[in-house]
Amino acid sequence: MAAPERISEVSMQAGAELSETGVLPELLSRLACPACVSTELTATADRLKCTQCDTEFPVYRNGNADIPWLFSDPESTLLEWKSRLNGFLHNNWAEQTKLRKAKKSKSLGALTKNRLSLLLEGRMTQRIQVSELLAPLDLECVNFDKGRDPASLLRSRVPKAQGLSSYYNNIFRDWCWDNGENEQQFEALKSVVSDIAAATLGATLTLGAGSGRLAYDIHRTFNPKLSVAIDINPLLMFAASKVMFGESVPLVEFPVAPLNEAAFAMNQECFAPKPLAKDAKFAFLFADGLNPPCADASFDTVITPWLIDIIPQNLRDFALSVNRLLPTGGQWINTGSLAFFHKDIMQCLSEEEAFEQIEKCGFEIIATDRRRIPYLQSPLSAHWRTESVLSFCARKTHDVEETRLFRHLPAWLIDTSSAVPGLQEFSVASSDHLLRAQILAAIDGKRSIDDIGTSLAREYGLKQAEAQNAVRRILMDLYETQAQGTPDGMQDLG
Ligand SMILES: C[S@@+](CC[C@H](N)C(=O)[O-])C[C@H]1O[C@@H](n2cnc3c(N)ncnc32)[C@H](O)[C@@H]1O
Ligand SMILES: [Zn+2]
């Protein structure tokens, strides 16, 4: 496959000079500034700098890896992850408090006492482990600068669904369970990569690489000339970069449905079957995979494992962005589910629509595969999932129009002077909240559901039974949410 032509000489030179940061020259030469799109990035001891717009991007050393933090507003993105870490610490503490209180109960049997102690110890250890993994970011020293435009925070906002611990269990699947899942996932991907394609992966970019096992298996098996793993989540990327270069990462696992008492909180060791050589051409990059800070046509292969259906960007815009990263003839390899969750039903595509859309974006689909494989099957859990995974390989046939910058928050949320649109969800939420507020205000410790229902029926001209039902539904909903919330998202299935 032809080498990409549009990489600037200047950045190539910067790459050649680079030694202190340890960012691979082969990576540096492919980057573009996420703030102004210039490819002229230079490297100093602990940062990259854009010579066009002067934005500086920290580079974090983690074990053997030097990982650039290449977001358009690096400080705001750090603040985002600081608040996510604080959220995690807060929930972890709330869980510890709950467990300590439960342990004080007088009527505890020995087994219950043991289970609560295991869980408490697990949460305490996990707090330290997660904080230690994130230590390179030095988040305690990241603070909101008063002169900063608050909108910059919103522009850098990571979708709510992407929590620090959203994919925590992926770390165990990738580096600990050794239950054959990774091998089956790799086989699914391999089935759409021809022998010729495998031999010419070239510079390979994995978007949303997570804790990195698939990118690692591809690197070890196909030996591409460069592998770059991009993700936004520092917990996953720091775990991945440690493990791949030979460190063992201890982490406590809290299975979804523990098989027995010992499984409630299990101390696990995560490590790679065979570490990469210290000089392996494998690099990590903290960056937004929906606006990848990479030069046009800078990668020969783009891989998207379990990504296209969990992002807020629609498939068309995402495909256009992948197209930009590849030269004609470059390949896009995807594997994962197609369970789109867009608010706009038009964007929740079928497999057939997805292929049609991809072909309209300058690709031809050259291989597809569907197979049922295990998914997050912790040996410690009674809860198992299988997925019918769709893999495809698409070859880029031609360039398409320039992609737009993607922001998942609309302009009216960022620019506080623009009009807020009268969305249908707001009017539904408005009457719902009003009703909730009224019901909650009526609670005085004496009134019953019947009493509150009677005054509601009078006010809104409802039938008595209808109003009672509404009151009970709302109170039950609030009660159950409080009573059964999961501790901190650690039980997410990904
Ligand atoms: C379902 S997980 C898949 C992880 C990994 N590819 C795997 O197969 O196990 C989705 C991954 O996408 C990452 N992600 C979500 N939004 C992203 C974005 N805008 N840019 C880069 N990565 C993103 C998440 O942090 C997470 O690691
Ligand atoms: Zn710039």
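Residues numbered from 1 in each chain as written. Chains lettered and ligands numbered in written order. Predicted model: local features only at pLDDT ≥ 70, side-chain atom pairs only at ≥ 80, totals over all residues. Heavy atoms only, no water.

1. Description of the site of ligand 1
Neighbouring ligand 1 are 20 residues, the closest being Arg173, Gly208, Asp231, Asp288 and Gly289. Contacts to ligand 1 include aspartate 231, whose side-chain N or O atom sits 2.6 Å from an oxygen atom. In this structure, aspartate 288 approaches ligand 1 through a side-chain N or O atom, which is 2.9 Å from a nitrogen atom. Relative to its unbound accessible surface of 590 Å², ligand 1 loses 95% to contact with the protein. Of the residues assigned to the shell around ligand 1, the class counts are ten nonpolar, seven polar and three charged. (Near = heavy atom within 4 Å. Polar contact = N/O pair within 3.5 Å; in protein donor to acceptor, adjacent residues only side chain to side chain. Areas by Shrake-Rupley, 256 points an atom, 1.4 Å probe, with all protein chains shown as cover. Nonpolar A, V, L, I, M, F, W, Y, C, P; charged D, E, K, R; others polar.)

2. Comments concerning the packing of aromatic side chains
Tallying each qualifying case throughout the model produces 13 aromatic pairs. Here the aromatic rings of phenylalanine 186 and phenylalanine 222 are separated by 5.8 Å at their centres, their planes lie at 45 degrees, and the arrangement is tilted. Residue phenylalanine 186 is found in helix H7 (residues 181-190), and its partner phenylalanine 222 is found in helix H9 (residues 213-222); the two are separated by 36 residues along the sequence. Pair check on accessibility: phenylalanine 186 and phenylalanine 222 agree, each one buried. Ring centres of phenylalanine 318 and tryptophan 332 lie 6.0 Å apart, and the angle between their planes is 65 degrees; on these two criteria the pair is classed as edge-to-face. (Phe/Tyr/Trp six-rings, centres within 6.5 Å; stacked < 30°, edge-to-face > 60°. Helix = DSSP H or I, 4+ residues; strand = E, 2+ residues; numbered from the N terminus. Buried < 20%, exposed > 50% of the residue type's maximum accessible area, 1.4 Å probe, protein only.)

3. Remarks on the domain arrangement of the chain
Segmentation of the chain into domains returns domain 1 (75-396) and domain 2 (423-484). A separation of 40 Å is found between the C-alpha centroids of domain 1 and domain 2. (Domains from an automatic or database assignment.)

4. Concerning the sheet that holds strand E4 (residues 65-68)
As summarised here, the arrangement of the four strands in space is E1-E2-E3-E4, forming an open sheet in which the pairing is antiparallel. At either end of the open sheet lies a strand with only one pairing partner, and these are strand E1 (41-43) and E4. On average, adjacent strands in this sheet sit at an angle of 25 degrees to one another, irrespective of strand direction. In terms of strand pairing, strand E3 (residues 56-62) meets E4 through four bridges, oriented antiparallel. Looking across to E4, one finds that valine 59 is bridged to proline 68. (Pairing = 2+ DSSP bridges. Axes fitted to C-alpha atoms, helices over the stretch in contact; angles between N-to-C directions.)

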